[in-house]
Amino acid sequence: MEPLRGGDPGRIGPYAVLGRLDARGGDVPAAEHRFLARAPGGDRTVLIGTPLEGTDPGRFHAEADAARRLFGPWTAVVDDVGSEGALVWYTSPYLPALPLPAALAAHGGPLPERTVRALGTALAEALAAVHATGTAHAGLSPAAVLLTADGPRLTGFGTVRAVAPGGQDGTGGAGLAPGTVAPEQLAGARPEPSGDVFALGAVLAYAATGYTVPERSEIPEGLRGVVSACLVRDAAARPPVQHLLDQLPGPVTGFGPAPAGFGPAPAVAGPQATVLDGGPSRAAALLGPGWLPGRVVAALVRQSADVLAAEPAPAAA
């Protein structure tokens, strides 16, 4: 948990703000302001997202409200959307979590290949859930990914983009990391699932190298093919999410023993078959004990302790 900055609100709606989730500075921006806060009564901690300066608050509110209907594996739950004057927000239940850039900082560099494969598989399942609703996320970026002890959570719901006519809202949201917005979207094309695949490739490149736009030779050999395929400029040539779910799992070297079931994913019948159709989660087998490096786990423990220490006293609540 990071300290509040000058000008940060002490309360957001009925929630008492405890601190920020994101560190000041850094070269990997978040697409929203994120705070940790205590719910009325002091018995529940929440993660609150509010729009960046210059973001249309009406649109942020509408997109966050639409995200309440997104359910799927590894997708953060949006359980409250509100506004008070010019300030709008959404909340998600709090779990000790590090934004992906903070996880790399805690680890001291790029994450192990086993972790990156598990992360990519879970995010591919999350995107499959988003795409099944007829939307494109269009806000996937390293800071939109939170790492928890039991797997990642995809956030950034103030930047979810409903599929729109060509030319509308094609430039992506403010605060997205360089290299994470697909070329066709930068040129004004409507957000599409293939653009999310491009962003996923950039996120995995970042997790594996520390850069969203690395040289191909910098990407670990075991990930180079699948990440490079996601990042091709031709949207039609990018692999569908289902193909990624076939390719990302696999035996890799890394720290600690691999959990049972860590290996190539079985083929799934039909091009649209996903965990949403009742099949097993391919990511779940990869996210057992040891999926996160020890220093990242230690940072999650410290955050949990900081949040407990920051809880307001019963009288203040």
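Up top is the structure these notes are about.
The rules behind these values
- Residues numbered from 1 in each chain as written.
- Predicted model: local features only at pLDDT ≥ 70, side-chain atom pairs only at ≥ 80, totals over all residues.
- Heavy atoms only, no water.
- Helix = DSSP H or I, 4+ residues; strand = E, 2+ residues; numbered from the N terminus.
- Buried < 20%, exposed > 50% of the residue type's maximum accessible area, 1.4 Å probe, protein only.
- Contact = heavy atoms within 4.5 Å.
- Areas by Shrake-Rupley, 256 points an atom, 1.4 Å probe, with all protein chains shown as cover.
- Core = buried A, V, L, I, M, F, W, Y, C linked by side-chain atoms within 4.5 Å.
- Expected span 1.5 Å × (residues − 1).
- Axes fitted to C-alpha atoms, helices over the stretch in contact; angles between N-to-C directions.
- Left-handed = near helix turned anticlockwise from the far one by under 90°.
- Nonpolar A, V, L, I, M, F, W, Y, C, P; charged D, E, K, R; others polar.
- Salt bridge = Lys/Arg side-chain N within 4 Å of Asp/Glu carboxyl O.
- Pairing = 2+ DSSP bridges.

### Here we look at the overall build of the protein
Step number 1: When helices and strands are counted, the protein shows eight helices and eleven strands.
Step number 2: Here the protein holds 317 residues, and 52% of them are scored as buried.
Step number 3: Partitioning the intrachain contacts of the protein with sequence separation of at least 6 by distance along the chain shows that 65% fall at a separation of at least 24.
Step number 4: Carbon and sulfur atoms form 57% of the exposed surface of the protein, whose accessible area is close to 13300 Å².

### What about the nonpolar core?
Step number 1: Judged by nonpolar contacts, the single largest core of 47 residues is most densely connected at L100, L111, L119, L140, V145, L147 and L200.
Step number 2: At the level of secondary structure, the elements contributing two or more residues to this core comprise helix 2 (100-107), helix 3 (113-131), strand 9 (145-148), helix 5 (193-209), helix 6 (221-230), helix 7 (241-247) and helix 8 (294-309).

### A closer look at helix 8
Each α-helix winds once per 3.6 residues, and so residues spaced three or four apart point in a common direction.
Step number 1: With 16 residues, helix 8 extends 23 Å from end C-alpha to end C-alpha; this agrees with the ideal 22 Å at 1.5 Å per step.
Step number 2: The secondary structure elements touched by the buried residues of helix 8 are strand 2 (15-20), strand 3 (32-38), strand 4 (45-51), strand 7 (98-99), helix 2 and strand 9.

### Digging into the packing of helix 5 against helix 6
Step number 1: Running from amino to carboxyl end, helix 5 crosses helix 6 at an angle of 140 degrees, the nearest separation of the two axes being 7 Å. The way helix 5 lies across helix 6 gives a crossing that is left-handed. Counted together, V197, F198, G201, L204, A205 and A208 of helix 5 and L223, V227 and C230 of helix 6 form the full contact between these two elements.
Step number 2: Tallied by class, the residues present in the contact of helix 5 with helix 6 amount to eight nonpolar, one polar and no charged.

### Overview of the pattern of salt bridges
Step number 1: The full count for this structure, using the stated rule, is ten salt bridges.
Step number 2: A salt bridge links D22 to R34; the shortest N-O distance between them is 2.7 Å. Residue D22 is located in the loop between strand 2 and strand 3, and its partner R34 is located in strand 3; the two are separated by twelve residues in the primary sequence.
Step number 3: Residue R34 is classed as buried on the basis of its relative accessible area, which comes to 2%.
Step number 4: R238 is paired through a salt bridge with E184; the nearest N and O atoms lie 2.8 Å apart. You can see R238 sitting in the loop between helix 6 and helix 7 and its partner E184 sitting in helix 4 (residues 183-186), a full 54 residues away along the chain.
Step number 5: Relative accessible area serves as the criterion here: at 6%, R238 is assigned to the buried category.

### A few points about helix 6
Step number 1: Those residues of helix 6 that sit buried are L223, V226, V227, S228 and C230.
Step number 2: On the buried face of helix 6, the contacting elements are helix 3, helix 5 and helix 7.

### A look at the environment of V28
Step number 1: Mapped onto the elements, V28 comes out in the loop between strand 2 and strand 3.
Step number 2: The sequence separation of V28 and A102 amounts to 74 residues, and the corresponding C-alpha distance is 9.8 Å.
Step number 3: Once you skip the residues sitting within four places of it in the chain, V28 turns out to touch P101, P142, A143, A177 and Y206.

### Side note on the sheet that holds strand 6 (residues 87-93)
Step number 1: Ordered by their spatial adjacency, six strands build an open sheet running 1-2-3-4-6-5, and the pairing between neighbours is antiparallel. Two strands in the sheet have a free side with no partner beyond their single neighbour: strand 1 (11-12) and strand 5 (80-84).
Step number 2: As defined by bridge partners, strand 5 adjoins strand 6 across five bridges and the pair is classed as antiparallel. Paired with G82 across the strands is W89, a residue of strand 6.
Step number 3: Those strands touched by helix 1 (residues 57-67) are strand 3, strand 4, strand 5 and strand 6, and its axis lies near 25 degrees from that of strand 6.

### What about the sheet that holds strand 7?
Step number 1: The strand order across the open sheet built from three strands is 7-9-10, with neighbouring strands paired in antiparallel fashion. Either end of the sheet is taken by a strand with one partner, and the two such strands are strand 7 and strand 10 (151-154).
Step number 2: In terms of strand pairing, strand 7 meets strand 9 through two bridges, oriented antiparallel. The residue bridging P99 from the neighbouring strand is L146, located in strand 9.
Step number 3: Sitting on the sheet, helix 3 is in contact with strand 9 and strand 10, with an inclination near 35 degrees to strand 10.

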